[in-house]
Amino acid sequence: MALLEVHNLVKAFGGLKANDDVSFQLEQGDLLSVIGPNGAGKTTLFNCIAGMFAPTSGRVVFGGEDITGIGAPAVARRGLARTFQVYVAGGDLNVLENVMVGCFMRTGSPARARRQAEGLLEEMGLKELGRAMVNELPVAAQKRVTMATALATEPRLLLLDEVAAGLNPSEIEGIMGSIRHVHGERGVTVMLIEHVMELVMNISRRVIVLDYGRKIAEGSPQDISRDPQVIKAYLGEKYVRDHVPASGGAPA
Amino acid sequence: MEAIKNAFDFSDFPRLDRVLAAGVFAALLAFPLFPYSAFAMATVIQFFMFSLYSMGWNTIGGYGGQVDLGQAQYAGIGAYTTTVCLLRWDIPFWVSMPIGVVIAVCWSFAIGYPLFKLKGHYFAIASIATSLVLKDVFEVWKFVGAARGLGILPSKYQPPDFLRLIFREDVYYYYVIFGFFALGLLAMNWFRKSRLGFQLRSIKDNEEVARSLGINVRWAKIKTYGLAVTFVSVVGSFHAVYVKNIEPEDTMSLDLSILIALMAMMGGAGSFWGPVIGAGVLIPLKSYLKEWLGAAAGMVGMDLIIYGVIIMLISAFEPRGIWGIVEKIRRRTRI
């Protein structure tokens, strides 16, 4: 049984279909990337899966249970966590306290929440930053805080919304390491939205491509990078020329 | 139990704060042992009452960021419950006060359920409206004395009456409200470390994120609102036996609602000491301004103008109030 099944999902805003008949499955232990141009409906898809939006039609099944339209808090309690693309923190909670809010989903004990949060900060390389305010941190550290906070809810499936956006190459290396750690050591199934192709091609096992709200391709990173439709809609000829080895040939 | 341990544990405050707080606490405890004027006594009692009102407001309004301007209705519920219980059925304070809390909390659930669908200014306006409606109901309700209100005649009882809290000397009231003040501080110390406290701060930060972390935002707000009105209703009950004369225009006025919120905002909304500092600054100021200026012809209401200006200045320059200024200085000088 798949961990997550999305069946014929449609999300319309007025006349605009942000998601149009999207279906896919995600197995336990998978690492799936969702790519596509801006406005393709990637974040809307996340919002529908995580219960922020109720889909116009279609179903979302998580762990065998239909979770369509049950609302974000109920989805989170079933073990599906997410990060946000733009993390707005008003500056009232410091880094440790932010992560503690996540821990409080599973425990009512402040002492236990604090212990767990401290452990998570250490795991995510944020140990020294516990008392800092989130909005005072560099972007890379902020992204780690959002990941740590989401992980604090002990999810089975983690949705990461553009965790590499705005990072420099060495920071991207770092966040890739964190994702590998979460996926490999913690055994959390991961689904991510990303524009940074280096990250997508490196760590994904599977990729789905959205364009104008529709799923136009699905497959391994290698297959996707050769798919003419994907190249036309998103990757572009230049990317393929520079990064994708021609069939049978050596990398350029 | 962890909750009780947390309520008594102040060890995470800086040493300086603990020493200062202990000093002020001891001074307040000893205050009635020294010669005092009736005016000073009344002012300190007011300080305790408004600290507690604002502590209650601070849970939902400060930590949760839901600016409620209708707390007076809960003070009214507490005050009326205690007065009516005493006058009609001779029910003592220690029984009528919890009854008042139960009624206030039930009412807060009924009000909060629809109200917390609203956000920001809309919530604030709606909270004012609910309070004014209840006040209008009390003004025409004969059972509770309508617009003329109800009065407790101390001569009908034998003061000091510790069950009904009927005293002749203010010093008894002083120590009763002091006890509530201490309990209030313990409750707030629990709240700020509790799951509910963290949930409210997360909600203030970003409701979308809070929801994604499994927080049922509306329910968390309603629960906290119930906690807030518990504080306010208890003080309302105390007000009834202390002042012994209640009427809707006084006990449930918009002025009271606004003062409750302003005390916490001025001291520092969402901080532990904010309500105490706010009440500690505004109550003496308000009392003395009333005494000095209010007596002069044509100067009535001047006190309101003066502290209105102070509030405007504070909210323009430091929205986190006096405590925000303290923390800023502290970060710079590392005291």
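Remarks on the overall build of chain B
Inference 1: Across its full length, chain B carries 15 helices and two strands.
Inference 2: A buried classification covers 45% of the 335 residues belonging to chain B.
Inference 3: Relative to all contacts within chain B whose residues are 6 or more apart in sequence, the contacts with residues 24 or more apart total 75%.

Some words on the domain arrangement of chain A
All names here are of chain A.
Inference 1: Under the domain assignment, chain A is made up of domain 1 (1-79 + 155-252) and domain 2 (86-154).
Inference 2: With centres defined by C-alpha atoms, the gap from domain 1 to domain 2 works out at 25 Å.
Inference 3: With twelve residues of domain 1 at the contact, the number on the domain 2 side is eleven residues.
Inference 4: Elements that contribute at least two residues to the side of domain 1 that touches domain 2 include exactly α2 (72-77) and α6 (169-184).
Inference 5: By residue number, the principal contributor to the side of domain 1 that touches domain 2 is α6, which donates five residues.
Inference 6: Split into classes, the residues belonging to the side of domain 1 that touches domain 2 amount to seven nonpolar, three polar and two charged.

Structural notes on the interface of chain B and chain A
Inference 1: Every contact between the two is made by 21 residues of chain B and, on the other side, 25 residues of chain A.
Inference 2: Elements that contribute at least two residues to the side of chain B that touches chain A include exactly α1 (2-8), α8 (195-205) and α9 (207-212) of chain B.
Inference 3: When residues in the side of chain B that touches chain A are grouped by element, the largest group, seven residues, is from α8 of chain B.

Describing the environment of S178 of chain A
Residues and elements named next belong to chain A.
Inference 1: Tracing the backbone shows S178 in helix α6.
Inference 2: A C-alpha to C-alpha distance of 14 Å links S178 and S204, two positions 26 residues apart in sequence.
Inference 3: Filtering out sequence-adjacent residues up to four positions away, S178 remains in contact with M124, R144 and M147.

Quick look at the pairing of strand β9 (residues 206-211) of chain A
Residues and elements named next belong to chain A.
Inference 1: Where strand β3 (residues 31-35) lies against β9, four bridges are found, and the strand directions are parallel. Paired with L32 across the strands is R206, a residue of β9.
Inference 2: Pairing between β9 and strand β10 (residues 214-219): five bridges, direction antiparallel. Within β10, the position partnered with V209 by the bridge is A217.
Inference 3: Between β9 and β10, which pair antiparallel in sequence order, lie two residues; one of them, Y212, sits at a positive phi of approximately 50°.

Some words on the sheet that holds strand β1 (residues 4-13) of chain A
Residue and element names in this part refer to chain A.
Inference 1: Ordered in space as β2-β1-β4-β5, the four strands form an open sheet in which the pairing is antiparallel. Two strands in the sheet have a free side with no partner beyond their single neighbour: β2 (16-26) and β5 (65-66).
Inference 2: With five bridges connecting them, β1 and strand β4 (residues 57-62) associate as antiparallel partners. Looking at the pairing, V6 lines up with V60 of β4.
Inference 3: Sheet contacts for helix α1 (residues 42-49): β1, β2 and β4; angle to β2, the most-contacted strand, approximately 65°.

Thoughts on the pairing of strand β8 (residues 189-193) of chain A
Residues and elements named next belong to chain A.
Inference 1: For β8, the tally of buried residues reaches five of five residues, placing the bulk of the element in the interior.
Inference 2: Burial along β8 is two-sided: the face carrying T189, M191 and I193 and the face carrying V190 and L192 are both buried.
Inference 3: Two strands pair when backbone bridges link them, and β3 and β8 are joined in this way by four bridges, in the parallel orientation. The residue of β8 that forms the bridge with L32 is M191.
Inference 4: As a crossover connection, the stretch from strand β7 (residues 157-161) through α6 into β8 is right-handed.

Some remarks on the nonpolar core
Inference 1: In this structure, V99, A148 and L158 of chain A are the most contacted members of the largest nonpolar core, which totals 155 residues.
Inference 2: Counting residues per element, this core draws most heavily on helix α10 (residues 217-243) of chain B, which supplies 13 residues.
Inference 3: Counting the residues that make up this core, at least three belong to each of domain 1 (1-79 + 155-252) and domain 2 (86-154) of chain A.
Inference 4: With sequence-adjacent residues up to four places away left out, L158 of chain A is seen in contact with A81, A150, L151, V182, V188 and V190 of chain A.

Details of the confidence of the model for chain A
Inference 1: Averaged over chain A, the pLDDT score is 90; the fraction of residues at 70 or greater is 95%.
Inference 2: Contacts of residues 248-252 of chain A to residues separated by more than four positions or lying in other chains number four contacts, the stretch itself having pLDDT below 50.

A short note on the packing of helix α5 (residues 139-151) of chain A against α6 of chain A
Residues and elements named next belong to chain A.
Inference 1: Across the interface, α5 lies against α6 with an axial gap of 10 Å and an inter-helix angle of 10°. Judged by the angle between their axes, α5 and α6 are roughly parallel. For the pair formed by α5 and α6, the contact residues are A140, K143, R144, M147 and L151 on the first element and E171, G174, I175, S178 and V182 on the second.
Inference 2: Here the residues of the contact of α5 with α6 sort into five nonpolar, two polar and three charged.

Things to note about α5 of chain A
Residue and element names in this part refer to chain A.
Inference 1: Over its 13 residues, α5 runs 18 Å from end to end, which matches the ideal 18 Å to within 8%, given 1.5 Å per residue.
Inference 2: If you check which residues of α5 are buried, you get K143, R144, V145, T146, M147, A148, T149, A150 and L151.
Inference 3: Buried residues along α5 sit in contact with β6 (80-82), α3 (95-103), α4 (110-123), β7 and α6.

Details of the environment of G219 of chain A
Residue and element names in this part refer to chain A.
Inference 1: Take G219: it is sitting in strand β10.
Inference 2: Put simply, G219 and D20 are 199 residues apart on the chain and 19 Å apart in space, counted from C-alpha to C-alpha.
Inference 3: In this view, G219 contacts R206, V207 and I224; residues no more than four positions away in its chain are not counted.

Parameters at a glance
Residues numbered from 1 in each chain as written. Chains lettered and ligands numbered in written order. Predicted model: local features only at pLDDT ≥ 70, side-chain atom pairs only at ≥ 80, totals over all residues. Helix = DSSP H or I, 4+ residues; strand = E, 2+ residues; numbered from the N terminus. Buried ≥ 20, exposed ≤ 12 C-beta atoms within 10 Å, placed from the backbone. Contact = placed C-beta atoms within 7 Å. Domains from an automatic or database assignment. Nonpolar A, V, L, I, M, F, W, Y, C, P; charged D, E, K, R; others polar. Pairing = 2+ DSSP bridges. Axes fitted to C-alpha atoms, helices over the stretch in contact; angles between N-to-C directions. Right-handed = clockwise from strand over helix to strand, strands pointing away. Core = buried A, V, L, I, M, F, W, Y, C linked by C-beta atoms within 7 Å. pLDDT = per-residue confidence, 0-100. Parallel < 35°, antiparallel > 145°, perpendicular 65-115°, else oblique. Expected span 1.5 Å × (residues − 1).

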